[in-house]
Amino acid sequence: MKKLPSIVFLSVAATCTISGYEIFAQSTLNYNEANIHFRNGQEYYESKSFEAARAEFELYLSEHRNFLDKNDPNQAWAKYFIVMCSLYLDRADTELLADRFVREYPEHPVASNLFREIGNYFFDNGEYGKAIDYLSKTGKTDEESQYHLGIAYYQTQSYAQALTVFTRLRESPNQAYGPPSAYYAGAIQFQNKNYEEAISNFNLAEKSSQYKAEIPGWIANAYYRQGKYNEMLDYTERVLREKGRKLDDIALLTAEVYFNKGNYEKAATYYGVYKNYKSQGMMPVVAYRYGYSLYKTNQFSAATDQLKNVALPKDTLGQNASFVLGICYQRVNNLTGALGAFDQASKLSFNKPVQEEATFNVGKVLLDLGRSNESVKALEGFIAQYPGSRFEDEANELLCEAYLSSNNLLAALNFVEKLRRRTPRVNAVYQRIAFNQAVKKYNEDGYAEAVTFFDKSLSAPESRDLKYSAMYWKGESLVGMNQNAAAIDLYKKVIAATDKDVPSLPEFQQKSRYSLGYIYLSTNPAEANAYFNEYYQRGGTDGNVDDALLRIADSYVAQGQYAQALKAYDKAYQTVKTNKDYALYQKGTIQNILNDPNGKATLEEVVRTFPQSKYVETALRDLGDNEMSAERSEKAIAYYSRLILERPQSALVPYAIMRRGTAFQNIGRTQSAISDYKYLLRNYINDSDFASQAMAGLNELMDPSSPEYIEIKALYAKANPNDTSLREKEFEKAKGLYYDDAHDKALVAFGEYVRNYPDSPDTPEAKFLIAETYFKQKNKMDALRNYYIVIADNKYKALSKAYAKAAQIELENSNYSRAITNYRGVLRVSSDRKDNQTAIQGLMDSYFNTPKNDSTIYYSKQMVLLPEATVAQKTKAYYYMGKGYLQIGDNISATSSFNQGVALAKDDYAGECQIMLARMLYSQKKYKESSEMIMNKFNNEFSGVSLPVMGKAFLLLADDFIGMENYFQAKATLNSIIDKLPDENSVEQARVKLRSISNK
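Position numbers for residues start from 1 in each chain and track the written sequence from start to end. Side-chain atom pairs in this predicted model are given and counted only at pLDDT of 80 or more, local residue features only at pLDDT of at least 70, and totals for whole chains, interfaces and linings cover all residues. Neither water nor hydrogens contribute to the side-chain values; these are computed over all heavy atoms in the structure.

## Section: the overall build of the protein chain
Here comes step 1: Tallying secondary structure elements over the protein chain gives 53 helices and two strands in all.
Here comes step 2: For the radius of gyration, the atom set is restricted to C-alpha positions; the globular benchmark scales as 2.2 Å times the number of residues to the power 0.38. Radius of gyration (C-alpha) of the protein chain: 62 Å, far over the 30 Å computed for a compact globule of 1000 residues.
Here comes step 3: Each principal axis of the C-alpha distribution contributes one length, and for the protein chain these read about 195 × 120 × 45 Å.
Here comes step 4: Each residue is placed in one exposure class: buried if its accessible area under a 1.4 Å probe, protein chains only, is under 20% of its type's maximum, exposed if it is over 50%, and partly exposed if it falls in between. The 1000 residues of the protein chain split such that 49% are buried.
Here comes step 5: Surface accessibility follows the Shrake-Rupley procedure with a 1.4 Å probe radius. Residue values consider only the protein chains on display as shielding. Counting every atom, the protein chain has about 49,700 Å² of accessible surface; 48% of that belongs to carbon and sulfur.
Here comes step 6: Both charge centroids of the protein chain, one from 119 positive and one from 121 negative side chains, sit 3 Å from each other. Here a helix means four or more residues in a row that DSSP labels H or I, a strand means two or more in a row labelled E, and each is numbered from the N terminus. When charges are counted, Lys and Arg are positive and Asp and Glu negative, with His and the chain ends excluded. Every charge is mapped onto a representative atom, which is NZ of Lys, CZ of Arg, CG of Asp or CD of Glu.

Put into structure tokens, the structure is as follows:
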């Protein structure tokens, strides 16, 4: 409540001053009586008892009116206090009384302030509507009242009236009213979107320290709302340079404007200023823009610090932040971090373009990480998910590189060949992949495939270096395929090429000359000589220059130009770093051809100078042959013996032994000759040339009836499969072992026979007997494998036996479908009645164990009709037949079948038929009839059945007693089975049933 005005009342005789005016006491006879009410009113007023005060003042005025002087100042004061009491009592007549007072006492010192007092009272109490009624009547020079009036208008949202008042007051020098009025005027103008006027007012308000912190935000936003971003930035940057003010919002707005203008450097600076103000961290969207600005200004490490937390939520902002974070991680070479960021962005679908590019970048980063197989999978997925993407070409290029890195060359080629559009980069990768695959095939001697891939490489000649390399190596592949004409054409195209800016072209031109020389060496030695000569003259860097010189010499030899050849070999011997031994050996060979006596010395020089050379053995051979030709057998023996001793691993050893044996034979050293021949037959028996010559020598030198000769001849015969007498004897010997139950030896003998004589007419039987031997050994798996070999060959005359044995094993192994197939095979290949009976029995047994009831019934009927079928086979057939009919719901036929089985015999299957008849009664809840049938039949006719069958019968009997609720008899029957029937399965079932009725 507003503080009451303080008025001092004096005694009648005294005078007092109130606001510069004098109040005089009355001097009439009744003054004291009237003044009592006045004083009482004063006291009540001072004590804030406004109701009592008003009453006293009214009594003062009404009851003693006759005693009061019209000019009595207390009369005016009484009326004033009545007005104030009405105000404080919230009386409706307050304004009326106030108006009356002002009209009646216009010159009274409180008249001009009365509305002010009332208005400020309501203002202070927050009753702005009432405050407006009074304050609007105050003078325009009363700045406090006018300011309060403006505030009251503002609080009641009468902004236009408030603006009028504040505009009038805004330039007041009084700091209590001028700056605040300017501030409120600015706020109203801002609200009215009159931003320039708002700025003008805010500039006035900013002069006061009271608003210094707030004004920059208003002014900056005013510029911003007008789109005057440059003016705003000029202002905010100036303000931000000042110290001592918290300008976080200004820094943020400045950063945002720069961000939207694309000036990321400035944006990053002011986001940083804003961040320094925000100890609790920034809003995610602001942190994102800060991070993005840092990213755009290549401050990638700093950007990752801002973005990594923003990227965590799975929302639109998180997706965008993850994507930019991935790029930043890439730039700082944190590829693992980049992969994680892109992966998250790729899994969110808020921003489809970002998701697409992130998905692409996952594959790209995986490739950079060297995880090629994962990259292939990722990029294949991207291409499938985003057909026609703007990244399609690059994705195709990267996928090619991923295939190449993962060494999945065929998949890469297949992928590229299916592309609807291929970029130069894709073609370059395709060219390289196809080339690499071609080289791989070439190195594996897969020349035809190599040519195919070289052609693919040549179809995309982005790299001319690789193009000429592919042409050359394609030529090499064609040579490997003996397609020399095509190879020659390619080599000549490489040589004719004129691409001077291809660094590798001269190298492949030289290689092509060298290869052409080799091709022509055997067909056109003159042409070969020309190419080798050109290659030699131009020089080479591939290490083949020495070889080219030797081939020049060889081409002279091929042309019969021995003189030139000798010169070339001499030059080679003097200049080449390798193959000097070859040059010298060739020289000696030519000298021998020319009958030059120096030839022997030259070959001996080879042996002496190059003892480790491979040409030593050929030189020794040639020296021996020369001596043999000259009929100097002793000297020939010396050379051959040296070859044999010094080069025991040489391929020429058997030749040397053969020739030495002949030399021994020539000079009459029979035993030495026989030793050499026998050595050949024991160690080179598979070499028909040497073996036949050695055998011919022995035929001349040995007694044909001697055991040693017979043994040697046997060795020779074994190596010659056309010797039928030996073959037949081996087979008979193997069969003898089989029939003598020497199983292991029989298997070895039959195995050797099959290997040595695969085309013998006895081989099919040998294979069958191998299977039979395993069967005798109870090695069913190996037996079955070999029976199937016999069946697959389809050559054995008793093929039905193999089918039957295979079927038997499959049936025992519960492989019923295979057993059926094999038993059908017996029926197909054999017309023998016994075989037929075996097959039908097997088919009946096999189908019984499958759901094919019709086939079970069919083959059971076939068995019953067989004249040669045994009684046991027939009772079994009736049992199977009855079970089959039961399965298809034909109880009448089932009953008939079971009855026929019971009538036929009293064996186990007949007993099974009897049990089934009783079980059918049990199923019809004819427990009494069922039990009587079992007790009658199995105590008499079927008392001789096996224990398992007997157990089945009495277990069913117990079920009958349970069905009749005769638990005593049921338990007695079950206990009898347990105590007296030595069949584990029946006893176990009896125990289970007994436990189930133990409480009955």
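## Examining the side chain of Gln 914
Here comes step 1: Position of Gln 914 relative to the elements: it lies in helix H49 (residues 908-923).
Here comes step 2: When residues no more than four places from it in sequence are discounted, the contact partners of Gln 914 are Val 902, Met 933, Lys 937, Phe 938 and Phe 942. The contact criterion used is simple: two residues touch if any of their non-hydrogen atoms lie within 4.5 Å.

## Some words on the UniProt feature "repeat: TPR" (unreviewed entry) in the protein chain
Here comes step 1: UniProt positions are given in the numbering used here, feature names are shortened, and annotations may be inferred rather than shown by experiment. Under the UniProt annotation, "repeat: TPR" (unreviewed entry) lies at residues 112-145, 546-579 and 875-908.
Here comes step 2: Annotated as 79% helix and 0% strand, the span residues 546-579 places its first and last C-alpha atoms 8 Å apart.
Here comes step 3: Span residues 875-908 is 82% helix and 0% strand, its end C-alpha atoms 9 Å apart.

## Quick notes on the packing of aromatic side chains
For any pair of aromatic rings, geometry is given as the distance between the ring centres together with the angle between the planes.
Here comes step 1: Here a Phe, Tyr or Trp ring, Trp counted by its six-membered ring, pairs with any other such ring whose centre lies within 6.5 Å, and the pair is stacked when the planes are under 30 degrees apart, edge-to-face when over 60, and tilted otherwise. Enumeration over the complete set of coordinates arrives at 70 aromatic pairs.
Here comes step 2: Consider the rings of Tyr 154 and Tyr 184, whose centres lie 5.0 Å apart with planes at 65°: the pair is edge-to-face. Placement of Tyr 154 in helix H7 (residues 143-155) and of Tyr 184 in helix H9 (residues 178-191) is noted, with a sequence separation of 30 residues between them.
Here comes step 3: Look at Tyr 154 and you get partly exposed, because its relative accessible area is 21%.
Here comes step 4: In this structure Tyr 184 comes out as buried when scored by relative accessible area, which is 19%.
Here comes step 5: Geometrically, the ring pair formed by Tyr 679 and Tyr 684 is tilted, given 6.5 Å between the ring centres and 55° between the ring planes.
Here comes step 6: Residue class for Tyr 684 comes out partly exposed when judged on its relative accessible area of 23%.
Here comes step 7: One aromatic cluster in this structure is built from Tyr 147, Tyr 154, Tyr 159, Phe 166, Tyr 177, Tyr 183, Tyr 184, Phe 190, Tyr 195, Phe 202, Tyr 211 and Trp 218.
Here comes step 8: For a lysine, the NZ atom is tested; for an arginine, the CZ atom; a charge sits over a ring if that atom is within 6 Å of the ring centre and within 35 degrees of the ring normal. Taking the ring centre of Tyr 573 as reference, the NZ or CZ of Lys 580 above it sits at 5.6 Å.

## Description of helix H23 (residues 424-443)
Here comes step 1: With 20 residues, H23 extends 28 Å between its outermost C-alpha atoms, agreeing within 8% with the 28 Å of an ideal straight helix rising 1.5 Å per residue.
Here comes step 2: For H23, the complete set of buried residues consists of Val 426, Asn 427, Val 429, Tyr 430, Gln 431, Ile 433, Ala 434, Phe 435, Gln 437, Ala 438, Lys 441 and Tyr 442.
Here comes step 3: Its buried side turned inward, H23 meets helix H21 (392-405), helix H22 (409-417), helix H24 (447-458) and helix H25 (464-480).
Here comes step 4: Positive phi shows up at Asp 445, right after H23, with a value of about 65°. By definition here, a helix of n residues has an expected span of 1.5 Å times n minus one.

## Overview of the packing of helix H45 (residues 833-848) against helix H46 (residues 853-865)
Here comes step 1: Two numbers describe how H45 lies on H46: the axes approach to 8 Å, and their chain directions differ by 150°. Taken as axis vectors, H45 and H46 run roughly antiparallel relative to one another. The crossing of H45 and H46 is left-handed. Taking contact as the criterion, the partners of Gln 837, Ile 840, Gln 841, Leu 843, Met 844, Tyr 847 and Phe 848 in H45 are, on H46, Ser 855, Thr 856, Tyr 859, Ser 860, Gln 862 and Met 863.
Here comes step 2: Put simply, Ala, Val, Leu, Ile, Met, Phe, Trp, Tyr, Cys and Pro go in the nonpolar bin, Asp, Glu, Lys and Arg in the charged bin, and everything else, Gly too, in the polar bin. Residue classes in the contact of H45 with H46 are distributed as seven nonpolar, six polar and no charged. Only C-alpha atoms enter the line fits that serve as axes; for helices the fit covers just the stretch in contact. Angles between N-to-C directions range over 0 to 180 degrees. Roughly parallel covers angles under 35 degrees, roughly antiparallel covers those over 145, roughly perpendicular covers 65 to 115, and oblique covers all other angles. In a left-handed crossing the near helix is turned counterclockwise from the far helix by less than a right angle, and in a right-handed crossing that turn is clockwise.

## As for the packing of helix H17 (residues 316-331) against helix H19 (residues 352-368)
Here comes step 1: Closest axis-to-axis distance for the H17/H19 pair is 11 Å, and the angle between their directions is 30°. As the angle between them shows, H17 and H19 are arranged roughly parallel. Between H17 and H19 lies a crossing of left-handed hand. Contact residues: Gln 319, Asn 320, Phe 323 and Gln 330 in H17; Val 354, Gln 355, Glu 357, Ala 358, Asn 361, Val 365 and Asp 368 in H19.
Here comes step 2: Counted by class, the contact of H17 with H19 contains four nonpolar, five polar and two charged residues.

## Description of the pattern of salt bridges
Here comes step 1: Salt bridge, as used here: a side-chain nitrogen of Lys or Arg that lies within 4 Å of a carboxyl oxygen of Asp or Glu. Tallied over the full model, the rule gives 51 salt bridges.
Here comes step 2: Lys 440 serves as the salt-bridge partner of Glu 444, at 3.1 Å between the closest nitrogen and oxygen.
Here comes step 3: With its nearest N and O atoms 2.5 Å apart, the salt bridge here joins Lys 928 to Glu 932. Placement of both Lys 928 and Glu 932 in helix H50 (residues 927-938) is noted, with a separation of four residues, approximately one turn of the helix.
Here comes step 4: A residue is classified by how much of its surface remains accessible, and Glu 932, at 40% relative accessible area, is partly exposed.

## Re the environment of Glu 58
Here comes step 1: Relative to the elements of secondary structure, Glu 58 occurs in helix H2 (residues 50-62).
Here comes step 2: Residue class for Glu 58 comes out partly exposed when judged on its relative accessible area of 34%.
Here comes step 3: Taking C-alpha positions, Glu 58 is 8.0 Å from Lys 79, a pair spaced 21 residues apart along the chain.

## Notes on the environment of Leu 89
Here comes step 1: When you line up the elements, Leu 89 lands in the loop between helix H3 (73-88) and helix H4 (94-104).
Here comes step 2: Along the chain, Leu 89 and Glu 51 lie 38 residues apart, while their C-alpha atoms are 7.3 Å from each other.
Here comes step 3: With residues near it in sequence (within four places) discarded, Leu 89 still touches Phe 50 and Glu 51.

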